[in-house]
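Here is what each chain is made of, one letter per residue.
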Amino acid sequence: MEAVNGSELRVVNLSCGYGGDWVFKNLNFSVKPGEALAITGPSGSGKTTLAYCLVGIIPNKVRAEVEGRVFADGRDILSSRIRENVKTVNIILQSYEMQIFGLTVEEDITFSLENLGLDEAEIEKRADQILETFGLKKYRSYYVHELSGGLRQRLAIASSIATAPRYLVMDDPTANLDWRGIIELGRTIRKLKAEGKGIVVMARRLKGLEGAVDRVIELGKGEKRKIREIPEPSHRVGSSKPGTPEPVIKFEDVWFKYARDYVLKGVSLEIYSGESVALMGPNGSGKTTLAKHVNALLKPSRGRVVVAGKETGKLSPAQLARYVAFVFQDPDKHITSETVWDEVAFGARNLGLPESYAEEALKTLGLQARRNDPPYFLSMGEKIRVSIAGALAMNPRILVLDEPTTGQDEETLEVIASVISELKARGKTVLVITHDSDFALKVSDRVVALRDGKIAADGPPEKILLSRPLIEVLELEPPSRLLEATEVTA
Amino acid sequence: MSLSLDPRTKVLFFSSMLALAFICRDIWAMIALVAASLAASLVEDDKTMIKKGLKTMLPLLAVAFILWSFMHEWSLFQNYGSGVDFQLGAFMTLRLFLILLVSLNFVSAVKPGELVKALDSFRLPYRAVFILGLTLRHIYTIADDYRAIKEAQASRGLELDKGSLITRIRNYVPVLIPLFVRSIENAEKLTLAMELKSFTFKRRRYFKGRLRAIDVAVIAALIITLALSIMHYWLAVI
C-alpha cells in the first residue's frame, strides 16, 4: 500500500456501486492542499457518488457497496464518522440550500462556529474574518432569501469553510449559476487555493472555471492534463422562418409582481409556430416568471397573454395542458410518481391520450431500460430526460423547457437538441430557458434576452450571442466560439 | 417593526398586549390598546399581510358585534344580563380586533429566527427551542414543495379545483402523497446537513443582541402597564 500519511486527499483503488452494479471501479487520484481538481463525466457517471465517498456520506449515510480507501491527511474517511471527517474534508452538496441553517448570513456563519465549541469572542473574530474573505461583509445582516443564487452558494461555501476543513468537495456547483455566478465561483476557488485548501469540483462542464482548476479527471476515461473543450455546434437545427403569420404565443404589455416589486415590466413578445426561442438573461431577470405565463401558472398583473388563440387569464394550467407542456427547472421538486413509466405517462393519462405516446417518448429519450426504476435513484441528467419525456407524451403544440441543460452531458444535450429539431420540423413551438450560450446557438432560431424584467434584446442567436458588447451588457455566458476568438486575439 | 427593536422586546410587547386584551375590562382601555397596536402596525415595513388578514377577518368582526350586542344572554362563559347591549358588542368586537391585530403584527414583525433567539435567551431548553426553529424553517420548505408539486400536476392536465367536494379532495391525492414523501426526503437531507455542520445540542449558542435604551424603555412601559392593569382590574386596589 502507498504511503497515506502525507498532506493530501487520496483515493486508492476506489470502487462503488448500488445493488451489484458498479458505478465506477478502481479510481486512483490525489489532491494536495492549495490545488483544485475537477472531476467531469456524463450524466450518471457517478460524480455525486464519488463526492459522497470523499466525505464518508457513503457508506455512513447512503448504503452502497464500496471497495478501496479514501484518506484525508492520513484519516481513513470511509471508516470514520461524518462528524469527524468534516473537520478535514467537507462538502457543498448539489442541493446546497439545505446546508444553510441561519435566517441571516451572519447567523449561518455563527451557527457553524458555535458547533466547534468556540467562545463568544473567538466566534465573533472568526465570523468577521470569514465574511471578509468571502466578500459577504456587506450582506452580513441580509436574510438568506434576499440573496441571489450565486451569493447563497458563496454563503454555503463560507459556512462549510467555517468548520476549518483542509479539503472541500463541491458537487456540481455551477448547475444553477448564471455567468456572473460562475465567474464569482472561480474567484472563490482561487481564493481558497491561496489559503491552502484542496478543492475537488464535480461538474458537467468547466466553462468559466478553466483558470481556477489545475487538473481534470473525466470519470471513466482516466486523468487528463488538458481541459476538454466543448465541441463546436456542427450544424444549425431547423429554420429561422416563422411558420404562420399568426403568433402562437403573444404577450401584450405584460406586467407581473409577486409581492412588492414588478418582476416583469411591460413585456410585449410574439412567438410563432415552428420557432425555437431561447430565453436568456442573468438570474432574477424574470425568465421563469415569463415562461410560467405561457401555461397560465401565473396570470399577468397588467396586460394580457394569448396562447393558441386563447387568453390565459380565463384558463387554468390544466386546461392549457392540451396545448402547452412545461419541463421545470428542478426535476427533484417536480417529479412525483413512483416509477419512471408512471411519471412519463402521468400527463398523457390526464389528457386521455393513448399510452403509445408515452412509449414513444420513453424511447426517444433513451429511458426504456429505466422504465420500472423509481425516479429517486436516477441521476440529475436522467431526471431531466424523464421530465422531457413526460412533456412529449402530452403531444403539445408548445414545449417550454426551463434550464434543460442542467447536469446534462454532451450526449444527452445532443438528444435534447434533436428532440427540439424534430418538434420544430412538425411545426411545434419550443421556448428554452438557458444560460448555456453554446446550446442556445445550437437549438434556437431566435434569442430573447431579459434584463430586470424587460426585453433587452430580441434577434438571431448569432447576432446577439456572438457580439461581445451585447454579451457583456446583457450579462450572458459567452459561447465557446467567442472565448476561443479572444484567446487567439490575445 | 421598523423601529428595529430587539427580538426579546418584540416578543414581550406582543405577549403583553395579548395579556392586556384579557385583563382590561372597559371599552376605553380597549380603545387605548387598539390604538397602541395600530401605531405598532403603522411602523411596520411591510403592511401587506396585516391589511390582507384584517380584510379577511372583517365579516367575522361584524358577526361578533351582532352576536355580542343581541345574543349575549346565551353566553356560555359569563352572565352579561339580558336585552340589547351595544357597548358590550363594541367592547367584545374591539377585543377580538385587538387579538387579531396583535397576532398579525407578531407574525409580520417577528421573524422565525428572531423568535428562536428570543426564546433561547429566556433560557428555555435549547433542544425545544432548536426544534421549534427547525419546524418554523421547514414550513417554508414544505410550502415551496407544495407549490412546486401543484404546479407540476396542474401543468400535466390535473384539474385540482373543479367538481364536487369529494372530487376535489380526491384530486389533491396526487399532490399530497408526493408532498409527504418529499418531506421525509427533506428530513433525511436535513439530518445530513446537520452532521456536515458537526451539530450538537451540547454546544452553547450565543445571542449577540444587546438591549438598547429604546428596548429598556418599551419593556419598562410594558411592566408598568401590566402591573397597573392587574392592580386595577383584578386586585381593585387602584
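Below: a short report on this structure. Residue indices begin from 1 for each chain and proceed along its sequence in written order. By the order in which they are written, chains take letters starting at A while ligands take numbers starting at 1. For this predicted model, a pLDDT threshold of at least 70 governs which residues receive local features, and a threshold of 80 or more governs which side-chain atom pairs are given and counted, while totals over whole chains, interfaces and linings are taken from all residues. The basis for every side-chain value is the complete set of heavy atoms in the structure, and neither hydrogens nor water enter the calculation.

## Overview of helix α11 (residues 340-350) of chain A
Every α-helical turn comprises 3.6 residues, leaving residues that sit three or four positions apart pointing alike. Throughout, exposure labels follow a simple rule: accessible area from a 1.4 Å probe, protein chains only, divided by the maximum for the residue type, with under 20% read as buried, over 50% as exposed, and the rest as partly exposed. Secondary structure elements are defined from DSSP: runs of H or I of at least 4 residues count as helices, runs of E of at least 2 residues count as strands, and each element is numbered from the N terminus. Of all 11 residues making up α11(A), eight are buried, and the element is well covered by its neighbours. Among the residues of α11(A), A:Val340, A:Trp341, A:Glu343, A:Val344, A:Ala345, A:Phe346, A:Gly347 and A:Ala348 are the ones counted as buried. Throughout, a contact is declared for two residues whenever any of their heavy atoms are within 4.5 Å. Against α10 (331-334), α12 (356-364) and α13 (380-392) of chain A together with α6 (126-155) and α8 (173-196) of chain B lie the buried residues of α11(A). Remark: A:Gly352 follows α11(A) within two positions and exhibits a positive phi of approximately 75°.

## Thoughts on the pattern of salt bridges
Salt bridge, as applied in this entry: a Lys or Arg side-chain nitrogen positioned within 4 Å of an Asp or Glu carboxyl oxygen. Under the criterion given, the structure shown has 45 salt bridges over all chains. Between A:Glu184 and A:Arg154 there is a salt bridge; the shortest N-O distance is 2.9 Å. Placement of the pair is A:Glu184 in helix α7 (residues 179-194) and A:Arg154 in helix α6 (residues 149-162), with a sequence separation of 30 residues. Looking at A:Arg154, the relative accessible area reads 14%, which means it is buried. When the shortest N-O distance is used, the salt bridge between B:Arg182 and B:Glu185 registers 3.9 Å. Taken together, the positions of B:Arg182 and B:Glu185, both in helix α8 and three residues apart, correspond to about one turn of that helix. Residue B:Glu185 is classed as buried on the basis of its relative accessible area, which comes to 18%. One salt-bridge network, held together by shared partners, links A:Arg204, A:Arg205, A:Lys207, A:Asp436, A:Asp438 and A:Glu477.

## Quick look at the pairing of strand β3 (residues 36-40) of chain A
Residues and elements named next belong to chain A. Counting buried residues along β3, five of its five residues qualify, which places the element largely inside the surrounding structure. Burial of the side chains of β3 extends over both faces: Ala-36, Ala-38 and Thr-40 are buried on one face and Leu-37 and Ile-39 on the other. Note on pairing: DSSP must find at least two bridges between two strands before they are called paired. Sheet analysis places β3 next to strand β9 (residues 215-218), joined by four bridges and oriented parallel. Note on β9: the bridge partner recorded for Thr-40 is Glu-218.

## Section: the environment of B:Ser229
All names here are of chain B. Relative to the helices and strands, Ser-229 is located in helix α9 (residues 213-234). Of the residues examined, Ser-229 reaches a relative accessible area of 8% and is grouped as buried. Separated by 156 residues in the primary sequence, Ser-229 and Glu-73 place their C-alpha atoms 27 Å from one another.

## Re α7(A)
Residue and element names in this part refer to chain A. The span you would expect from a helix comes to 1.5 Å times its residue count less one. A rise of 1.5 Å per residue sets the reference length of α7, with its 16 residues, at 22 Å; its end C-alpha atoms lie 23 Å apart and thus fit the reference within 8%. Taken together, the buried positions of α7 are occupied by Trp-179, Gly-181, Ile-182, Leu-185, Gly-186, Thr-188, Ile-189, Leu-192 and Lys-193. Within two residues after α7, Gly-196 carries a phi angle of roughly 90°, on the positive side.

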